[in-house]
Each structure stands twice: as structure tokens, then as C-alpha cells.
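Each chain is listed here by its residues.
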Amino acid sequence: MTETANQFKKAPKRKKEKTRSVTVSPEMRQAYADLIKQREEREDYAKHLPSNDKGR
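This section reports on the structure supplied with the text. Because the structure is predicted, anything quoted here is derived from the model rather than measured.

A closer look at the overall build of the chain
Inference 1: Counting its regular elements, the chain contains two helices and zero strands.
Inference 2: Looking at the chain as a whole, 0% of its 56 residues are labelled buried.
Inference 3: Roughly 7000 Å² of accessible area belongs to the chain as shown, and the carbon and sulfur atoms make up 52% of that amount.

Here you go:
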């Protein structure tokens, strides 16, 4: 019975990992957003096309 009492003890809190932050200019942020949007549009377009994996 003493083993079950130890089983439900609270785990010790973990230390948070240090994170890095990057400062980006508004122009670079907009360019990155445009790049992501273009990639999503290409993926949506390619979703409807037949795949070429069968021939290879």
C-alpha cells in the first residue's frame, strides 16, 4: 500500500528551455508571408493534378 501512495506524488517542475528570438524587418516579414501564401496556393493547385509517381 505504501507504493501506491508514492505513485501519485506531484512531479517536480522542469526548467524552461532558453528560446531565441529573431527581429525581422517588416519588409522581410511580408516577403515571408507572401512566400508561404504562394507555396500554399501551389499545393492546393497540385492537389487536383494526377501524380507522376506511377511511371517511376
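The discussion continues.
Structural notes on the pattern of salt bridges
Inference 1: Going through the model one piece at a time under the given rule, you end up with one salt bridge.
Inference 2: A salt bridge links Asp44 to Lys47; the nearest nitrogen and oxygen atoms lie 3.7 Å apart. Here Lys47 and Asp44 lie together in helix α2 (residues 26–47), a separation of three residues that amounts to about one turn.
Inference 3: Judged by its relative accessible area of 44%, Asp44 is partly exposed.

Considerations on a nonpolar patch on the surface
Inference 1: Together, Val22, Val24 and Met28 make up a nonpolar patch on the protein surface, roughly 300 Å² of accessible area in all.
Inference 2: Structurally, Met28 can be placed in helix α2.

So, how was this worked out
- Residues numbered from 1 in each chain as written.
- Predicted model: local features only at pLDDT ≥ 70, side-chain atom pairs only at ≥ 80, totals over all residues.
- Heavy atoms only, no water.
- Helix = DSSP H or I, 4+ residues; strand = E, 2+ residues; numbered from the N terminus.
- Buried < 20%, exposed > 50% of the residue type's maximum accessible area, 1.4 Å probe, protein only.
- Areas by Shrake-Rupley, 256 points an atom, 1.4 Å probe, with all protein chains shown as cover.
- Salt bridge = Lys/Arg side-chain N within 4 Å of Asp/Glu carboxyl O.
- Patch = residues over 30% accessible without salt bridge, like charges linked within 9 Å, V, L, I, M, F, W, Y side chains within 5 Å.

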